[in-house]
Amino acid sequence: MSTATRILGAPLDRLEGEAKVRGRALYAAEHPVDKPVYAHLVQSQIARGRITTIDATAALDETGVLDVVTHRNAPELASTDDAELAVLQTPQVGYRGQPIAVVLAESSEIARAAASLVRVEYEQDERDVDLDADRDDLVPTDDDVDQGELDAALAGSAMAHDAVYTVPQEHHVAMEPHATTAAWSEGELTVYDATQGVHWVRDALTELFGVDAENVHVLAPHVGGGFGSKGPAHAHLVAAVLAAQRVEPRPVKLVLTRQQVFPIVGHRAATIQRVRLGADSSGRLTAIGHDVIAQDARLKSFPELAGKPTRTMYAAPNRRITHRLAQLDLPVPTWMRAPGECPGMYALETAMDEMAIACGLDPIEFRIRNEPEADPDTGLPYSSRNLVACLREGARRFGWADRDPVPGARRDGEWLVGTGVAASTYPVNSQPGTQATIQARPDGRYRVLIGAVDIGTGAWTALTQLAADALRADVDQVVLSIGDTDLPWASGAGGSTGITCWGSAIVDAARRLRMELPDGEPVPEEGVEVTGRMPHNPHQGTYAMHSFGAQFAEVRVNVDTGEVRVPRMLGIFAVGRIVNAKTGASQLMGGMTMGLSMALHEEAHVDPRYGHVINRDMAQYHVAACADVGDVEVDWIDEDDPYVNPMGTKGIGEIGICGTAAAVDNAVHHATGIRVRDLPITPDKLVGRL
């Protein structure tokens, strides 16, 4: 009997797992190429200004050095509209750490040593690297909401809350550093890249270098994590391709060091968020204000829209949500897991905890009391909104009913013990244009072709499961090909859209194949090939579509040292249909672990004198490791949402991180009675107040 009827949702082991543990899965810098040239970047040592002298004589005198590419001899780009990607085109410097030269040599060691010999002199301009809420040059965005009379409602509220929350600059620190292998040959370009979207890279390169898309071949069969940093193209990619033009037809390999990753590939922008809440005597919100000031870059703008989740979370007739950007002489921010929602949910859900306490209500009951009947942002009904179910199920499994609400009431020796809760949300996003091809063979096997990328999330396995289910076949009958621009165009892995977009195209291709081959009809000897596309969603604009979740955390705070430990966390989510229970749980657990890291550890310290991150390696920028994480449990409620897409999936990559930091912060307050509003929650913010 076929297993196809029960394969979707099953906890299937990763199909590529053995190749990874045996070292057969090749990453961007590992693909074998003939006679590679190794590249190392020279980076600017000033935050703003221009290069007046760049002398590569000493570097070129080193044995094994082939070339030093600078703005003086680099090939000219066809487009310099994107200032971040206009690499080696002018002497101007927009941030410290910007690539200003590429050294090419016969080995990576020679290239790195020679890079230190390149002498650069600058004319410095006055730099501006300080994020401050009192700046008079903050730039507004087009994402504000103003409904009702917020100030009057706050003034007339029975209970009111007004506080500022800060999230520092944070970095992705993916396990695989960013890398590119690039080669030109007679006008054709081949690139192996650590990217979340091979077609995104191809599209960027065709514009930058003025070549036709059919002459650019990008491959990424395996990627070692991205979290957003490997989504858009970055300067090192352009530098590698420019350098490859200088040594054509030899390929160029460029691998960023961990220290180089920090300024070049983006980060989560620091934010200063003021949240104001007003409620009536029954604990129902009458006013919600959320004002965001976010770090931005003068070179190229990337707004961190932290107020987005506040637009949909809770009901209140009077709302004002604003965003203002401080355009600084710092590297360009970019997507980082749940951009906007993640830092925004920290501020909102911490404020909701404070407001619940002020109203004398249990934090879960306070949230339930302020559930909206329809989306407050659009007025549309939700396709499904099961936040209350997540809160209630999470409370039951976490033992919330036994909680003494009094802060600081529970102690175990030298440890104060507390528990906290926060809600999570993330929108159901999609990106148009994805296509998938299915080739049916007479031997009963199917080849599925799609230019998707697996960034370590399990797409190799989940897409195979989806195809098997849609084709009514067994998993071993499906052969999947991904990570290559020679395959049908696919959107990248980002915004929790991957499985939704790619899977919808595969399901559509399977539907078309069944029309070509009705049940029981044999496949002809030459086979059958069909191409499907991600269909238009007829329910878009009719329903508001979001995932929801509830995060619970228990913390222990040492009364002598201020050390915070988190022995257990629980997340219950409403995220539509789960394609693979094992990889799905892994994604949610990874998001929660990343949220814990955000809560307790992560903070990039910018040197105000020079505009660079001081702690730019994993020795000093700490991310949560196994020793930092106790018991993390994740689960989901059964949710059938037929409106989001043909599969009923909502995406799970982002929602796990949303709300986690607030749950930990709220638990710390419950344990100690001390409210920390500036992440991360480090011992120095507690020990003097315990």
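Scroll up to find the structure.
**So, the sheet that holds strand 25 (residues 631-636)**
Strand order in the open sheet formed by five strands is 17-18-23-24-25, with mixed pairing between adjacent strands. The sheet is open, and its two edges are formed by strand 17 (411-412) and strand 25, each paired on a single side. Relative to the sheet, helix 15 (residues 660-672) contacts strand 18 (415-427), strand 23 (546-558) and strand 24 (564-574), its axis offset from that of strand 18 by approximately 155 degrees.

**A short note on the pattern of salt bridges**
Tallied over the full model, the rule gives 43 salt bridges. Of the charged contacts in the structure, one is a salt bridge between Arg-276 and Asp-151, with a shortest N-O distance of 3.5 Å. With Arg-276 in strand 14 (residues 271-279) and Asp-151 in helix 4 (residues 150-155), this pair connects stretches of sequence that are 125 residues apart. For Arg-397, the salt bridge goes to Glu-393, with nearest N and O atoms at 3.6 Å. A residue pair is termed a helical-turn pair when its members lie 3 or 4 positions apart in one helix, as Arg-397 and Glu-393 do in helix 11 (residues 387-398) at four residues. On the basis of relative accessibility, which here comes to 30%, the residue Arg-397 falls in the partly exposed class. One network of salt bridges, in which partners are shared, links Asp-146, Asp-151, Arg-276, Asp-291 and Arg-320.

**Quick word on the nonpolar core**
Core analysis: the biggest nonpolar cluster contains 84 residues, and Phe-209, Ile-450 and Leu-463 have the highest contact counts within it. Grouped together as the second largest cluster of nonpolar side chains are 82 residues, Met-569, Val-632, Ile-655 and Ile-674 included.

**Concerning the layout of surface pockets**
Take a probe with the size of a water molecule and roll it over the atoms, and the empty space left behind shows itself. There is about 390 Å³ of room inside the second largest pocket. Sorting the residues of the lining of the second largest pocket by element identifies helix 8 (310-313) and strand 18 as the ones contributing at least two each. The element best represented in the lining of the second largest pocket is strand 18, accounting for three residues. Of the residues that constitute the lining of the second largest pocket, the class distribution is eight nonpolar, seven polar and five charged.

**Focus on the side chain of Thr-434**
For Thr-434, the location among the structural elements is in the loop between strand 18 and strand 19 (435-440). Overall, the relative accessible area of 1% leaves Thr-434 in the buried class. Residues in contact with Thr-434, not counting those within four places in the same chain, are Ile-450, Trp-489, Ala-490, Ser-491, Cys-501, Trp-502, Ala-505, Gly-532, Arg-533 and Met-534.

Cut-offs used in this document
- Residues numbered from 1 in each chain as written.
- Predicted model: local features only at pLDDT ≥ 70, side-chain atom pairs only at ≥ 80, totals over all residues.
- Heavy atoms only, no water.
- Pairing = 2+ DSSP bridges.
- Helix = DSSP H or I, 4+ residues; strand = E, 2+ residues; numbered from the N terminus.
- Contact = heavy atoms within 4.5 Å.
- Axes fitted to C-alpha atoms, helices over the stretch in contact; angles between N-to-C directions.
- Salt bridge = Lys/Arg side-chain N within 4 Å of Asp/Glu carboxyl O.
- Buried < 20%, exposed > 50% of the residue type's maximum accessible area, 1.4 Å probe, protein only.
- Core = buried A, V, L, I, M, F, W, Y, C linked by side-chain atoms within 4.5 Å.
- 1 Å grid on protein atoms, 1.4 Å probe; cavity = no way out; pocket = protein on both sides within 12 Å on 5 of 7 lines; lining within 4 Å.
- Points joined across faces, edges and corners; volume = space filled by probe spheres on them.
- Nonpolar A, V, L, I, M, F, W, Y, C, P; charged D, E, K, R; others polar.

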